[in-house]
Structures are given as C-alpha cells and as structure tokens.
Amino acid sequence: MRKQWFGDSRDYVKWSCVRREAGEDFSVIYAVMLRPDSFKDPSLDPVVVKFFDQQKNFDALEQLFPGRFEVMGDLYEKRHAEAYFDRLRASIMAKQPGDKTLVFLDPDTGIEPLGSAKNEHLLIKDIVSICSVLRPGDKVVIYQHALHSANWMNTFSQRLNKIAVDTQTELGDPFHSPGVAKDVCFFTLTKRP
C-alpha cells in the first residue's frame, strides 16, 4: 500500500469487505505493507505532497472498529519480509486467547505472481506463516489487484484454495464490487477448528 492511494475508490470496497468480515466481534490488525509513494514528476510541489500525506492517517480507520483496531504501518520490503512478518505474528499472538482476530494484508498489487515476486507483492510463504498463528475462527483478508486476464479472480481462487488446504483454513467467496473498483477483489481465509 502506498499513501498516495489511501482514500481512493478501492478503499470503499476494501473497508466494506473488512467491516463485513469483522462484524462487531473481531479485533482488526491492519498490516499496511507500506511502500514509498511512486511520485516521479518534478512538477509536484513537495510541500503539497507532504501536506496530503500528513492528512492520510491509517490510525483514523480505528473509527470503523472502535477499540478493536491496530495498525502495523512499518515500511515493507521483500528483503526484510521475514522481520516484518515476525512482528505481525507477534502482534497476532499477543491478542487475548478469547479474542477473535482479523488480519488484513494490504500489499500494493496482491499475491506474488508465479516466478517473479517484487516488493509490491505478498509472498505465499508469508500468507502461510500468518495462517500458522491464527486461532480457530480467526481470519486473514488479502488484497488482490487484477491481472491482465479475464479469469484473474479464478486464478487467485485456485492458488488460495491450495493454501487453504495446506494451512487448515477455509477460503470464502471473493469480495468484489465491479461498479466501484472492478480491478480489485479481496479473499478471506478462516482458520478451521
């Protein structure tokens, strides 16, 4: 996730999905997987960019989940993914045993493509590592951006079905709102008892 995209039309879909999955019972851990903004146009005034970035506060999302929201806003780079996900697993495990937890993983573009993961991708091994510390009933929601193919949601559903089997989770139906953001969907894995 890059701050430059915070508050765009995809956030309407993104947070509608997370609120639906969390209901009133789940604590939400938002793993922003923050990446540097990709502005490269020298005509942009850096004071203006800084002004808008300061207004984009991930902690403000706590209003959607009063008293049960945590942001992990560390900068994410694939080369430091192990340490990033170690901190996230520790945060999940620190929740009280009776608490229901939903972890939202928000990479720039979604799950790594076959054979060429970059910083903007969520690695399969990291999904598996998060699922390994979930308690029964806990959930992980994963952001996915469209591929350049007509069946892109099916492609990711098939990959996540395999992960679900391997991690003793159940894959729910994809959350998609083509009238608002046709190029994104969200997948939920729920830990089985």
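Please refer to the structure placed before this passage.
These remarks concern the structure in this document. These figures come from a predicted structure and were not determined experimentally.

So, the overall build of the protein
Reasoning step 1: Each helix and strand in the protein was counted, giving six helices and eight strands.
Reasoning step 2: Taken from the N to the C terminus, the helices and strands of the protein come in the order α-β-α-β-α-β-β-β-α-β-α-β-α-β.
Reasoning step 3: Radius of gyration (C-alpha) of the protein: 16 Å, near the 16 Å computed for a compact globule of 193 residues.
Reasoning step 4: For the protein, the C-alpha atoms occupy an extent of roughly 55 × 40 × 35 Å along the three principal directions.
Reasoning step 5: Counting over 193 residues, the protein shows a buried share of 46%.
Reasoning step 6: Excluding contacts between residues fewer than 6 apart, the proportion of contacts in the protein whose partners are at least 24 apart in sequence is 74%.
Reasoning step 7: Roughly 10000 Å² of accessible area belongs to the protein as shown, and the carbon and sulfur atoms make up 53% of that amount.
Reasoning step 8: Across the protein, the mean location of the 26 positive side-chain charges is 3 Å away from that of the 27 negative side-chain charges.

As for the packing of aromatic side chains
Reasoning step 1: Tallying each qualifying case throughout the model produces 15 aromatic pairs.
Reasoning step 2: Their ring planes at 10° and their centres at 5.6 Å tell us that Phe65 and Phe69 sit as a pair that is stacked. Phe69 matches Phe65 in its accessibility class, with the two residues each being buried.
Reasoning step 3: Ring geometry for Tyr76 and Tyr84: centres 5.3 Å apart, planes at 80°, overall edge-to-face. With respect to class, Tyr76 is no different from Tyr84; both count as buried.
Reasoning step 4: Taken together, the ring pairs in this structure connect Phe6, Trp15, Tyr30, Phe58, Phe65, Phe69, Phe104, Tyr143 and Phe186 into an aromatic cluster.

Let's talk about the sheet that holds strand β8 (residues 184-191)
Reasoning step 1: The mixed open sheet is built from six strands, whose spatial order is β2-β1-β3-β6-β8-β7. Both outer strands of the open sheet, β2 (69-72) and β7 (169-171), are each paired with one neighbouring strand and no more. Each strand axis lies, on average, 20° off the axis of its neighbour in the sheet, ignoring direction.
Reasoning step 2: Bridge count between β7 and β8: three bridges; the pairing is antiparallel. Within β8, the residue paired with Thr169 across the bridge is Lys191.
Reasoning step 3: Across the sheet, helix α1 (residues 9-22) lies against β1 (26-31), β2, β3 (100-105), β6 (139-145) and β8, angled at about 160° from β6, the strand it touches most.
Reasoning step 4: On top of the sheet, helix α3 (residues 81-93) reaches β1, β2 and β3; it is set at about 170° to β1, its chief contact.

So, unusual backbone geometry
In most cases, non-glycine residues show a negative phi, while peptide bonds are predominantly trans.
Reasoning step 1: At Met33, a position not held by glycine, the phi torsion is positive, near 55°.
Reasoning step 2: The backbone of Gln168 sits at a positive phi, close to 55°, despite the residue not being glycine.
Reasoning step 3: For Gln168, a relative accessible area of 49% translates into the label partly exposed.

Comments concerning the pairing of β2
Reasoning step 1: In terms of strand pairing, β1 meets β2 through four bridges, oriented parallel. Looking at the pairing, Ala31 lines up with Met72 of β2.
Reasoning step 2: Note that the unit made of β1, helix α2 (residues 46-55) and β2 has a crossover that is right-handed.

Observations concerning the nonpolar core
Reasoning step 1: Core analysis: the largest hydrophobic core is formed by 32 residues, its most contacted members being Phe85, Leu88 and Leu189.
Reasoning step 2: The set of elements that each furnish at least two residues to this core consists of β1, α3, β3, α4 (124-131), β6, α5 (152-167) and β8.
Reasoning step 3: Contacts of Leu189, omitting those with residues within four sequence positions, involve Ile127, Cys131, Asp138, Lys139, Val140, Ile142, Leu160, Ile163, Ala164, Thr169, Glu170 and Leu171.
Reasoning step 4: Counting 24 residues, the second-largest nonpolar core is a separate cluster that includes Trp15, Phe58, Phe69 and Phe186.

Thresholds applied
Residues numbered from 1 in each chain as written. Predicted model: local features only at pLDDT ≥ 70, side-chain atom pairs only at ≥ 80, totals over all residues. Heavy atoms only, no water. Helix = DSSP H or I, 4+ residues; strand = E, 2+ residues; numbered from the N terminus. Rg over C-alpha atoms; globule rule 2.2 N^0.38 Å. Buried < 20%, exposed > 50% of the residue type's maximum accessible area, 1.4 Å probe, protein only. Contact = heavy atoms within 4.5 Å. Areas by Shrake-Rupley, 256 points an atom, 1.4 Å probe, with all protein chains shown as cover. Lys, Arg positive; Asp, Glu negative; His and termini not counted. Charge placed at Lys NZ, Arg CZ, Asp CG, Glu CD. Phe/Tyr/Trp six-rings, centres within 6.5 Å; stacked < 30°, edge-to-face > 60°. Pairing = 2+ DSSP bridges. Axes fitted to C-alpha atoms, helices over the stretch in contact; angles between N-to-C directions. Right-handed = clockwise from strand over helix to strand, strands pointing away. Core = buried A, V, L, I, M, F, W, Y, C linked by side-chain atoms within 4.5 Å.

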